[in-house]
Amino acid sequence: MKNQSKTFQNILEIGADNQALSINRFDTKYVGQKEGYTVENQAFINKRICGCGLTTFILTQKFENVIVLVPTNNLIYNKTKQISGLLAVNSQTTDQEIADYIKYKRAGQIKIISTYDSLYRIEHLIGKCRVLVDEVQSFFKNYNDKTDIKTARNLYRTTLSILEKHKEYVTFVSATPIDVKYFPEWVQQLKQIEYEFEVTYRKQPVLVKAANPLRELAEGIILPIIKDGQVTVAGKSFKKCLIFINSVSDVKKIVSDYGIDPSLCGMYCRDTVENDARLKEMQITRITGLWDLKQFSFVTSSGWAGCDFYDTEAMTIIVSNTNRNYTMVDINTDLMQAVSRLRNSDNPNRDKYIFIYNQTVFTKSEQELLSWVEEKKSDLLDNCELMNDPTSKRGNIRSVMKDADFKRFCYQENGKWIIDEFQFNTLVYEIKEVRNKFLKGFDFSIDESEIFVSLTGKQTGITYKQVLNKIINEEELTIEEKASKWYKMIISYYNTFGKYTSDQRFCEKRLNTNNAPEELIALVKQNFRFVKQINCNQAKTRLQNIYNELGIKRTAKATDLCELLDCRIQTVWDNGVSVKKIIFK
């Protein structure tokens, strides 16, 4: 194997040797309340808790000029709405605006908040200003989330290069930092400081393990709120939700598949043309203020770190799906950030949050994946040598240039092809830290402070017949069984009809029919009373006419009819063509 950098080899083995850790203890709620407090310089600070006021403190104190770097424009908008007198620097800010701001500011009054990728535009101010790199975990998260790796690489290499050049003025800060061993060696040499707070409050997790987190969210929380005005989970009743889910497409799927009224929904996401088009298509408004939450407010990763929201009723919900890398919540960083975004102390749901997650089956072990990383790096080092050798054959060069991994992990600097160490570090981090959390299970220590529930009863291995047999045989049910959808359904059926049924689908159908408006049931029975079988599309047209006549705002589905009448959907052959029809009993 070719020579690897000391940093990368240490990461694969035991971790790099870091600076000694020092502790800064607080008996106050906010850092600014501690007498004589100043933000440490040339440091890598782990705040350990979100909302301790560090960023606000450094942007409002009067004795120091400062540049605060943040990963997203949304974070800039969020802070500038809370703090006056800041200069926001991003791609929209002109050089003249920067010059005018500096011209009229005295020492201690320069307060700039900038995106990472705009640091080069204000590099000339470093020295006059110190630099606080906020939400440092975003270096890793955003690096791998970028679809254009070349753009991401240039962005972060440029930013880190500027910071290294002025490292005597730089401090990194996060409440959920990536371990410093994954960063370049110059960052590892900074003072490492952890904050400890005596005045804290604990959020109690309500854990919902689900095979399909989107369905669990929709059927277990959103639809019950729409139907009943509120839902109760783990003893907490709520009618509004702040939902952290890192996919606009998933939100679109939930809203369209379940016929949710778009006016009830709001979205906090990246300010892009693509997202604007999606929101327009869904007819969902963008959340722009800190206090204008909708009944169902969806927040993508651009709002997970550093953004503050205020609502006296909302429950925080985080949705994680390990089937796709970008929708998987990193328990080390994202989860803690997300649960801390709702700031109201007068919100009765502030002490709990709901985490809906799944665990996919990982087919390879950690060692297999780490071995693949080492082998891949060795192969790519060979390819870099080939590319840098002027005697290499053109055919070999063309073959290397077509390799997807070479494009991903290698780049040219000063005329030489080299390995992207930072990109490999993000891979190792995902394998050793994030992936293992989900492989082992949820990464909170299992203690009495946690509550495991099922919202729909479909995903925890609990079956309808299992719950029914225990009820009939008067056996004791587990907490999970009592929390399941099946338990509520069986009891509701018994209370309504005075008996049990072993047929789960029949139970659901009878309960849905029983809850449907009498006028609807009467019209449906009248329109289909002589029908033996009907094409699904024709049935939907008839049913939609009934909905329209009664003013019901719903798109008719064939399955609606199966809930209202005694019928089933079946595929039949009609003149040599396969057709879905509804067969009436």
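Conventions adopted
- Residues numbered from 1 in each chain as written.
- Predicted model: local features only at pLDDT ≥ 70, side-chain atom pairs only at ≥ 80, totals over all residues.
- Heavy atoms only, no water.
- Helix = DSSP H or I, 4+ residues; strand = E, 2+ residues; numbered from the N terminus.
- Buried < 20%, exposed > 50% of the residue type's maximum accessible area, 1.4 Å probe, protein only.
- Contact = heavy atoms within 4.5 Å.
- Areas by Shrake-Rupley, 256 points an atom, 1.4 Å probe, with all protein chains shown as cover.
- Patch = residues over 30% accessible without salt bridge, like charges linked within 9 Å, V, L, I, M, F, W, Y side chains within 5 Å.
- Salt bridge = Lys/Arg side-chain N within 4 Å of Asp/Glu carboxyl O.
- Phe/Tyr/Trp six-rings, centres within 6.5 Å; stacked < 30°, edge-to-face > 60°.
- Lys NZ or Arg CZ within 6 Å of the ring centre and 35° of its normal.
- Arc of directions from axis to C-beta.
- pLDDT = per-residue confidence, 0-100.
- Pairing = 2+ DSSP bridges.
- Axes fitted to C-alpha atoms, helices over the stretch in contact; angles between N-to-C directions.
- Polar contact = N/O pair within 3.5 Å; in protein donor to acceptor, adjacent residues only side chain to side chain.
- Core = buried A, V, L, I, M, F, W, Y, C linked by side-chain atoms within 4.5 Å.

Trainee: Hey, could you run me through the overall build of the protein chain in this one?
Mentor: The number of helices and strands found in the protein chain is 22 helices and 23 strands. Out of the 585 residues belonging to the protein chain, those deemed buried represent 51%. Contacts in the protein chain between residues at least 24 apart in sequence constitute 71% of all its contacts with a sequence separation of at least 6. For the protein chain, the accessible area works out to roughly 28,700 Å², and carbon and sulfur atoms hold 47% of it.

Trainee: Even after reading the chapter, I still don't get a nonpolar patch on the surface, so can you show me in this structure?
Mentor: A surface patch of nonpolar side chains, amounting to about 270 Å² of accessible area, comprises Ile472, Tyr494 and Tyr500. With respect to the helices and strands, the residue tyrosine 494 is situated in helix α18 (residues 485-497). Overall, tyrosine 494 belongs to the partly exposed group, its relative accessible area being 36%.

Trainee: Mind showing me how you'd approach the packing of aromatic side chains here?
Mentor: The geometry of two aromatic rings is summed up by the distance between their centres and the angle between their planes. Tallied over the full model, the rule gives 15 aromatic pairs. Centroid distance phenylalanine 355 to tyrosine 357: 5.2 Å. Interplanar angle 5°. Geometry classified as stacked. Across the pair, exposure class does not vary: phenylalanine 355 and tyrosine 357 are buried alike. Measuring from ring centre to ring centre gives 6.1 Å for tyrosine 464 and tryptophan 486, while their planes differ by 85°; the resulting arrangement is edge-to-face. With tyrosine 464 in helix α16 (residues 464-472) and tryptophan 486 in helix α18, this pair connects stretches of sequence that are 22 residues apart. Taken individually, tyrosine 464 and tryptophan 486 each receive the classification buried, so the pair is uniform in this respect. Its end group placed over the ring of phenylalanine 26, lysine 34 keeps NZ or CZ at 4.7 Å from the ring centre.

Trainee: Hey, could you run me through helix α4 (residues 95-103) in this one?
Mentor: It helps to recall that an α-helix has 3.6 residues per turn; residues three or four apart then point in one direction. By the burial criterion, the buried members of α4 are Ile98, Tyr101 and Ile102. Viewed end-on, α4 has its buried residues packed into an arc of 95°, placing them on one side of the element. Turned more than 90 degrees off the buried face of α4, the exposed positions are Gln96 and Lys103. In this structure, the buried residues of α4 make contact with β4 (87-89) and β5 (111-115).

Trainee: Got a minute to help me understand the confidence of the model for the protein chain in this structure?
Mentor: Considering every residue of the protein chain, the mean pLDDT works out to 78; 78% of them sit at 70 or more. When the elements of the protein chain are averaged for pLDDT, helix α1 (residues 6-12) gives the smallest value, 43, and strand β6 (residues 130-133) the largest, 95.

Trainee: Can you walk me through the sheet that holds β6 in this structure?
Mentor: Where strands meet in a sheet, backbone hydrogen bonds hold them as pairs that are either parallel or antiparallel. Taken in spatial order, the 8 strands make up an open sheet running β1-β8-β2-β7-β6-β3-β5-β4, and their pairing is parallel. Of all strands in the sheet, those with a lone pairing partner are β1 (21-26) and β4, marking the two edges. Neighbour-to-neighbour, the strand axes of this sheet turn through a mean angle of 25°, independent of strand direction. Bridge analysis of strand β3 (residues 66-70) against β6 gives 4 bridges, and the strand direction is parallel. Its bridge partner being in β6, leucine 69 is matched across the sheet by valine 133. Sitting on the sheet, α4 touches β4 and β5, and the angle it makes with β4 is about 150°.

Trainee: Sorry if this is basic, but what is going on with the environment of threonine 171 here?
Mentor: With respect to the helices and strands, the residue threonine 171 is situated in strand β7 (residues 170-174). Given the relative accessible area of 0%, threonine 171 is considered buried. Taking the C-alpha atoms as reference, threonine 171 lies 6.3 Å from valine 131; in sequence the two are 40 residues apart. Excluding residues that lie within four positions of it along the chain, threonine 171 makes contacts with Glu40, Asn41, Gln42, Ala43, Ile45, Arg130, Val131, Leu132 and Val133. Of the polar contacts made by the side chain of threonine 171, one reaches the backbone nitrogen of glutamine 42; its length is 3.3 Å.

Trainee: Is there a simple way to explain the pattern of salt bridges in this structure?
Mentor: Here the idea is simple: oppositely charged side chains can pair when their charged atoms come close. A full pass over the atoms with the stated rule returns 10 salt bridges. Between lysine 240 and aspartate 311 there is a salt bridge, and its shortest N-O distance comes to 2.6 Å. In this pair, lysine 240 sits in the loop between β11 (236-238) and β12 (241-244) while aspartate 311 sits in the loop between β15 (296-299) and β16 (315-319), placing the two residues 71 residues apart along the sequence. With respect to class, lysine 240 is no different from aspartate 311; both count as buried. Here aspartate 257 ties to lysine 253 by a salt bridge, and the two come within 3.0 Å at their closest N and O atoms. In this pair, aspartate 257 and lysine 253 are both assigned in helix α9 (residues 248-257), 4 residues apart and thus about one turn of the helix distant. You can call aspartate 257 partly exposed: its relative accessible area is 35%. Overall, the relative accessible area of 45% leaves lysine 253 in the partly exposed class.

Trainee: Whenever I open this one, the nonpolar core confuses me. Can you help?
Mentor: Generally speaking, a soluble globular protein has its nonpolar side chains buried in company with each other. Counting 53 residues, the largest nonpolar core has Ile67, Ile112, Val133, Phe139, Leu163 and Phe172 as the members making the most contacts within it. With 7 residues, the top contributor of residues to this core is helix α12 (residues 366-388). Setting aside anything within four residues of it in sequence, one finds leucine 163 in contact with Leu69, Leu119, Val131, Val133, Phe139, Val170, Phe172 and Trp186. Residues Val208, Ile222, Ile317 and Val319 belong to the second largest nonpolar core, which totals 33 residues.

Trainee: Would you explain the pairing of β7 in this entry?
Mentor: Consecutive residues of a regular strand have side chains that alternate between opposite faces of the sheet. Within β7, 5 of the 5 residues are buried, which leaves the element mostly enclosed by the surrounding structure. Of the two faces of β7, both are covered, the one formed by Val170, Phe172 and Ser174 as well as the one formed by Thr171 and Val173. Of the strand pairs in this sheet, strand β2 (residues 43-46) and β7 are connected by 4 bridges, and their pairing is parallel. Directly across from isoleucine 45, in β7, lies its bridge partner valine 173. Bridge count for β6 against β7 is 3 bridges, and the pairing is parallel. If you follow leucine 132 over to β7, its bridge partner there is threonine 171.

Trainee: Any chance you could explain the side chain of lysine 376 here in plain terms?
Mentor: Mapped onto the fold, lysine 376 is located in helix α12. What lysine 376 contacts, discounting residues up to four positions off in sequence, is Asp405 and Phe424.

Trainee: Explain unusual backbone geometry to me, please; I cannot follow it from the model alone.
Mentor: Phi is positive for glutamate 135, close to 50°, though the residue is something other than glycine. Structurally, glutamate 135 is set in the loop between β6 and α5 (138-145). Judged by its relative accessible area of 5%, glutamate 135 falls in the buried class. Positive phi outside glycine occurs at glutamate 474, with the angle close to 55°. Here glutamate 474 is to be found in the loop between α16 and α17 (479-483).

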